[in-house]
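Geometric and topological summary
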Amino acid sequence: MSGALARLRAGDWSAYALLPAVMLASLPMMSLSAWLTLTVAGVAMGMMLFLMAAGLTLIFGLMQVFTFAHGAFITLGAYLAVSVLGALAGWSVAGSWWLNLAALGAALVAALIATGAAGYVFERVIIRRVYGEHLRQILITVGGLIIAEQLVVAVWGANPLPLAKPASFRGSIIIAGAAIEKYRLLAAALGLVVYAGLQLLLSRTRVGLLVRAGVENLEMVEALGYRIRRLFIGVFVTGAALAGIGGVMWALYQEVVTRSIGGDMTILIFIILIIGGLGSVGGCFTAAILVGLVTNYVGFLAPKLALGSTIVLMMAVLMWRPRGLFPVGAG
Amino acid sequence: MNDGAALLRLAGVHTHIGRYHILHGVDLAVRRGRLTMLLGRNGAGKTTTLRTIMGLWRRSAGEIAFDGAPIGALDTPDIARLGIAYVPESMGIFGQLTVRENLLLATGPKGFDAARLDDVMGLFPALRQKWHNGAGSLSGGQKQMLAISRAIIEERRLLIVDEPTKGLAPAVIQLLIDAFLRLKQTATTILLVEQNFHMARSVGDEVAVMDDGRVVHAGAMADLAADEALQRQLLGLSLASHQ
């Protein structure tokens, strides 16, 4: 947060202006109601992407670990949503908003705990053996993703599983003539809460300071007397837990869960990390929303181009800022 | 050098980096309450010696003792917690953090000690004006001031600084010299690597000169400063270029 203020004071405002610029640039190309619908949809999608990607940007930035297994935690979160909401089906279909919210809350908490625990085991058993060895990291984490998908098949079966949203979060509300899905508003709110929480943690606590410092210079953090390996575990567990939460929200958004739901997101998450700048939570947040907006706008205006729009966006950003929108360590 | 009061002692320390043998049996004593200069030409092994002391590179042979206890096998955080502060040649400033946050990271769990903070800011008043600025936006001299301030924001038993004047303007160098002279008045034990002989002569009590991974001369700084022939023999062209 203070870093962001320092950037603004230094006049480095152009990256922050990108989001409103994209929103405004798309406005003349469609009706106001369509724009409002797509903008809310894009922001909500971006928030879910942020939930899935936020932990990975810290893992990359702080630990310099190239993990392709991050999707496994998303997948685990998604399947836990199926199990928890299935077990609490009575709450999920009830007419009470509070019961619906409790059912979703239970799924989120279950995913948070289970994926956090899985992250701890994964770091202790696998990742810690390959610190500093990028090729082995890639191989071993790709292997981890494949094994995780097979474990999911063993537990939940190979067939796609349907997942209905809790009753109160289905349907839309009409604002200024635009249909806004209730679930997207909820996802956007949750993403904002997590972003605000992460920023508070990073800017107002010593652990957060250490994470930000460690992203820049691990060696110096150790020379100040801090055991960075303990921080690594905490960051990895947090990243996995956030991915689990993201998996729950993404699964409910898709309303169907497959064993590849997390793996399918891996490339998009990497694109977000690269656009935002590796290790930057603020960059990840901005990039995720940017990707969500561009995907929705292009999908509406030129559906055939939607698939490649994020790649084009990444190329454009990298031509403008080769280290991403908010490069860590750029001072 | 009489090392009976040595706070830090290296005996026959060898360090390999990959397949390169950098230190070839370094013997060095840093006396308590004194400022010891470590001089030598580029590539002599000065930085490697400091990094080996801090555990950033592992010694392959020899002993390193701090206050009589071996520290050669300790990890870097454990070495730092003994009260050894390190300012690397790169300064190690966290550019994304503010000046305040950089300093806060070096304090204990209770945060800043107001009196100590006043003392440190008294050494470098410019930093107080930049308190909430991103450290990445500071000038080179201000970054060095911040790096040294961070090293002394808590009471340390030994301060290790690697080439603090490198690339700095003469006015800033003079500011650093004044700061080290004031630190000496507090009886802080300091090990300082420096190529700038003017600074070395101004602040050093003791001196050790390295060449080819060994300490080839150790003694009083005043003796070396007074002996131009010895300076030429030990420091060669580097002396003339930094006078």
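Anything mentioned here points back to the structure above.
Report follows, based on the coordinates. (Residues numbered from 1 in each chain as written. Chains lettered and ligands numbered in written order. Predicted model: local features only at pLDDT ≥ 70, side-chain atom pairs only at ≥ 80, totals over all residues. Heavy atoms only, no water.)

**Comments concerning the environment of leucine 161 of chain A**
All names here are of chain A. Among the structural elements, leucine 161 can be located in strand E1 (residues 161-162). Spatially, the C-alpha atoms of leucine 161 and leucine 186 are 22 Å apart, while their sequence positions differ by 25 residues. Sequence-distant contacts of leucine 161, defined by excluding residues within four places in its chain, comprise Tyr79, Val82, Trp156, Val256 and Val257. (Helix = DSSP H or I, 4+ residues; strand = E, 2+ residues; numbered from the N terminus. Contact = heavy atoms within 4.5 Å.)

**Observations concerning the sheet that holds strand E4 (residues 59-66) of chain B**
All names here are of chain B. In space, the four strands of this open sheet follow the order E2-E1-E4-E5, with antiparallel pairing throughout. The sheet is open, and its two borders are formed by strand E2 (20-31) and strand E5 (69-70), each paired with just one other strand. Note: strand E1 (residues 6-17) against E4, six bridges, orientation antiparallel. Bridging across to E4, threonine 15 finds its partner in arginine 59. (Pairing = 2+ DSSP bridges.)

**What to know about the interface of chain B and chain A**
Listed as interface residues are 31 residues of chain B and, on the opposing side, 27 residues of chain A. For the chain B and chain A pair, buried surface summed over both sides reaches about 2300 Å², with 54% attributable to carbon and sulfur atoms. Looking at the side of chain B facing chain A, the largest losses of area belong to Phe94, Gln96 and Leu105 of chain B, adding up to 32% of the total buried there. Linking chain B with chain A are four salt bridges, by the criterion used here. Where chain B touches chain A, the interface holds eleven residue pairs in polar contact (both at pLDDT 80 or more). Among the elements that make up the side of chain B that touches chain A, the one with the highest residue count is helix H2 (residues 76-80) of chain B (four residues). (Buried area = accessible area lost by both parts, 1.4 Å probe. Salt bridge = Lys/Arg side-chain N within 4 Å of Asp/Glu carboxyl O. Polar contact = N/O pair within 3.5 Å; in protein donor to acceptor, adjacent residues only side chain to side chain.)

Function-wise, these values are silent; they only describe arrangement.
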